Amino acid sequence: MPVSLGSSVALVVTSDVADEVHLHGYDRKADVAPGGTATIDFVADHAGVFEAEMESRGIQLVQLEIR
Ligand SMILES: [Cu+2]
């Protein structure tokens, strides 16, 4: 998913299991409860391709292409 460098981003994840959402590259984390929502707000201030995953399951959620 393309993201403009310098933009404000809200990564919103709704989950049916408990886990931790982890945005690599920016190393931001947020816990999510079963049936709950986690939000990671950040400014996309460095370029690259970064993966967000469900940390304990190792499931990729999205890949952000910040450029
Ligand atoms: Cu991770």
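Quick summary incoming for the structure in this document. All values reported here derive from a predicted model rather than from experimental measurement. (Residues numbered from 1 in each chain as written. Predicted model: local features only at pLDDT ≥ 70, side-chain atom pairs only at ≥ 80, totals over all residues. Heavy atoms only, no water.)

Six octahedral donors around a metal ideally make angles of 90 or 180 degrees; four tetrahedral donors ideally make 109.5 degrees. At 2.0 to 2.3 Å from the copper ion lie its protein donor atoms, namely His22 (ND1), His24 (NE2), Glu53 (OE) and Glu55 (OE). Around the copper ion sit 4 donor atoms; with metal-centred angles ranging over 77 to 169 degrees, the donor geometry is square planar. Mapped onto the sequence, the residues coordinating the copper ion show the spacing H-x1-H-x28-E-x1-E. We classify glutamate 53 as buried; its relative accessible area is 10%. (Donors = N, O, S within 2.8 Å, 3.2 Å for Na, K, Ca; no water. Tetrahedral: all angles 85-135°; square planar, octahedral: opposite > 155°, others 65-115°. Buried < 20%, exposed > 50% of the residue type's maximum accessible area, 1.4 Å probe, protein only.)

Inspection of the secondary structure puts histidine 22 in strand E3 (residues 19-23). Among the polar contacts made by the side chain of histidine 22, one reaches the side chain of histidine 24 at a distance of 3.1 Å. In this structure histidine 22 touches Asp27, Arg28, Lys29, Glu51, Ala52, Glu53 and Glu55, once residues within four positions along its chain are discounted. (Helix = DSSP H or I, 4+ residues; strand = E, 2+ residues; numbered from the N terminus. Polar contact = N/O pair within 3.5 Å; in protein donor to acceptor, adjacent residues only side chain to side chain. Contact = heavy atoms within 4.5 Å.)

Within the structure shown, the criterion is met by 2 aromatic pairs. Their ring planes at 50 degrees and their centres at 4.9 Å tell us that tyrosine 26 and phenylalanine 42 sit as a pair that is tilted. One end of the pair, tyrosine 26, is in the loop between E3 and strand E4 (28-32); the other, phenylalanine 42, is in strand E5 (residues 37-43), with 16 residues separating them in the sequence. Judged by relative accessible area, which is 13%, tyrosine 26 ranks as buried. Given the relative accessible area of 6%, phenylalanine 42 is considered buried. Look at tyrosine 26 and phenylalanine 50: their rings are 5.4 Å apart centre to centre, the planes differ by 85 degrees, and that puts the pair in the edge-to-face class. In this pair, tyrosine 26 sits in the loop between E3 and E4 while phenylalanine 50 sits in strand E6 (residues 48-54), placing the two residues 24 residues apart along the sequence. The structure contains a cluster of three or more aromatic residues connected by ring pairs, namely Tyr26, Phe42 and Phe50. (Phe/Tyr/Trp six-rings, centres within 6.5 Å; stacked < 30°, edge-to-face > 60°.)

Everything listed here is a matter of geometry and, on its own, says nothing about what the molecule does.
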